[in-house]
Amino acid sequence: MGQCSFTGRAGKKLVRPRLAAFAAEAFASPRFFMNTPIVPRVALVGCGSYGAEHAKFLATYAGVKLHAVADLAADRAEDFAKKYGATYATADPSRIWADRDIDAVWICTQHHTHAPLAEAAAAAGKDFFLEKPLALTLADCDRIVAAVERSGVTAASGFKLRFFPAVIAAKAFLTKPTLTTAHVIDDHWLSEFWANDPVQGGGNVLSQGCHIMDTVLYLHPTPPVRIYAAGGNRHHPTRDIVDVAAITLTFADGAVANIAVGDVGVPPHASKFALQQSDGARSLSLYNRLNSLMTREDKQVTEHPAWPEDGAAVIDRAFIAAVAEGKPSPVSVHSARRTTAVVLAAIESIKTGRVVDLAAAPYAAAMALPA
Ligand SMILES: NC(=O)c1ccc[n+]([C@@H]2O[C@H](COP(=O)([O-])OP(=O)(O)OC[C@H]3O[C@@H](n4cnc5c(N)ncnc54)[C@H](O)[C@@H]3O)[C@@H](O)[C@H]2O)c1
C-alpha cells in the first residue's frame with residue numbers, strides 16, 4: 001500500500017493496479033485525494049483456529065476490507081466468508097494471488113506450507129503477514145527472505161509478544177540486561193495435534209518456543225552468538241520431535257539467557273509465558289502471560305497495572321499501519337528468520353549434545369539483521 005506511489009520503495013516495479021488507478025485519480029484531482037480514504041483490501045489464507053483470531057480483527061477494523069478467504073477445505077472457507085463478511089470464499093489460493101483487487105494477504109496455515117505460500121504471495125506482489133514460526137527449516141526461512149527481497153513486498157511474521165505494552169515497557173526499563181530467565185510452558189498437547197507432527201508443525205519447542213525466543217532476542221540489544229540446550233522427547237513417544245528444552249544462550253555483549261520450553265503443565269504462579277531480567281543494578285519480572293510487569297530499583301519494587309491482552313489485533317494493527325504508510329515491516333522476515341533459526345539451533349544442540357556456534361555457518365547469515 002505504501003507502494004501505491006508510482007515508483008514504490010527502492011524503485012521496485014509496482015504490481016498494484018487498483019492502487020495505481022487510485023493514485024492516478026488522486027493526482028489528477030486533489031479533491032478526490034482529500035475525500036476518499038484508501039482502505040487496503042485484504043485476504044486470509046488458512047481458515048483455522050488462529051486464522052479466526054485474525055479474521056475477527058480484520059472483519060471489524062475500519063482500516064481494511066476483508067475481501068476474500070481461502071482454505072483447502074472449502075466448507076471452512078465458506079463459513080469464514082459468512083461469519084466475517086468476506087466478498088468471496090475459495091478452496092484455491094491461486095485465485096487470491098491472481099486477484100488484482102487484493103493488496104495484502106494473511107497466511108495462517110501449517111508450518112510446512114509457509115514457504116510455498118509466502119513465495120506465491122511475493123511473486124504476485126502481495127504484501128503478506130505470515131504466522132509464526134517463519135518456517136520449519138532454515139532453508140525454507142531463506143526461501144521466504146529471498147522471495148521478499150526479490151519482490152520488495154512488505155512482509156511480517158506473527159511474533160506478537162513484541163507488541164505487548166508490558167514487554168515494550170520492560171525494554172525501556174532495562175536497555176542492557178545482563179541475565180535473562182524466561183519460559184513458555186504450556187499444558188499437555190495431544191500427540192495427534194498437527195503442530196506435534198514433525199512434517200507439518202515441528203513440535204511445541206519450535207511452535208511456541210519461538211514466541212519466547214523472539215521476546216528474549218527483542219529485549220537484548222546485541223545478537224546471539226552461541227547456544228547450548230538439553231532436553232528431548234519426554235511425553236510424545238509416537239512423534240519424532242523435541243518436546244522439552246532447557247536452553248542457554250550467550251549474546252555478543254556477554255549477556256546470557258536461560259529459556260525453558262515444554263508442554264509439561266502451566267506454572268500456576270508465573271503463568272504460561274514469563275520472563276525476568278537484571279542488569280546488575282535493576283531488575284524486572286514479566287508475568288501473567290507477559291501482560292504484567294514488576295520493576296525493582298534501589299530495592300524498591302513497583303508493580304505496574306496489568307495491561308489487557310489484545311490477541312492478534314496488536315500485531316495486525318502494526319502491520320496494517322506499515323502497509324498503509326509504506327513504512328518498514330514491524331516484524332521483518334529477517335528478524336523472524338533469526339528467531340526461528342535460533343530455536344532450530346537449540347533443537348540441533350539437543351540432538352547432538354554440542355554447543356552451536358551461531359556466528360558460523362549455517363546460522364551466521366540468519367543472525368545479521370539489515371540496518
Ligand atoms: N501467534 C500466535 O499466538 C498463534 C497461536 C496459534 C497458532 N498460530 C499459528 O497460526 C498458524 C495456523 O495455526 P492454526 O492453529 O490456526 O491451524 P489450523 O489447523 O487450525 O488451521 C490451518 C488451516 O490452514 C488450512 N490450510 C493448510 N494448507 C493450506 C493451503 N496450502 N492453502 C489454504 N489453506 C490451507 C487448513 O485446511 C486449516 O483450515 C500456524 O503458523 C500457527 O503456529 C499462532
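Everything that follows concerns the structure shown earlier in this document.
Let us look at the structure shown here.

About the thresholds
- Residues numbered from 1 in each chain as written.
- Predicted model: local features only at pLDDT ≥ 70, side-chain atom pairs only at ≥ 80, totals over all residues.
- Pairing = 2+ DSSP bridges.
- Helix = DSSP H or I, 4+ residues; strand = E, 2+ residues; numbered from the N terminus.
- Axes fitted to C-alpha atoms, helices over the stretch in contact; angles between N-to-C directions.
- Left-handed = near helix turned anticlockwise from the far one by under 90°.
- Contact = placed C-beta atoms within 7 Å.
- Nonpolar A, V, L, I, M, F, W, Y, C, P; charged D, E, K, R; others polar.

Describing the sheet that holds strand 4 (residues 104-107)
With respect to topology, six strands assemble into an open sheet ordered 3-2-1-4-5-6, the strand pairing being parallel. The open sheet is flanked by strand 3 (88-90) and strand 6 (155-157), the only strands paired with a single partner. Taken over all neighbouring pairs, the strand axes of this sheet differ in orientation by 20° on average, direction set aside. As paired elements, strand 5 (residues 127-130) and strand 6 share three bridges and run parallel to each other. Each bridged residue has a counterpart across the sheet, and for Phe128 the counterpart in strand 6 is Ala155.

Considering the sheet that holds strand 12 (residues 283-287)
Reading across from one edge, 14-13-12-11-7-10-9-8-15 is the order of the nine strands in this open sheet, with mixed pairing throughout. One side of each edge strand has no neighbouring strand; the edge strands of this open sheet are strand 14 (300-303) and strand 15 (356-357). Pairing analysis gives eight bridges linking strand 8 (residues 224-232) to strand 9 (residues 244-251), with the strands arranged antiparallel. The partner of Gly232 across the bridge, within strand 9, is Val244.

Focus: the packing of helix 10 (residues 209-219) against helix 12 (residues 333-352)
With their axes 9 Å apart at the nearest point, helix 10 and helix 12 run at an angle of 115° to one another. Crossing of helix 10 over helix 12 shows right-handed handedness. Facing Gly209, Cys210, Met213, Asp214 and Leu217 of helix 10, the residues of helix 12 in contact are Arg338, Thr339, Thr340, Val342 and Val343. Along the lines of polarity and charge, the residues of the contact of helix 10 with helix 12 split into five nonpolar, three polar and two charged.

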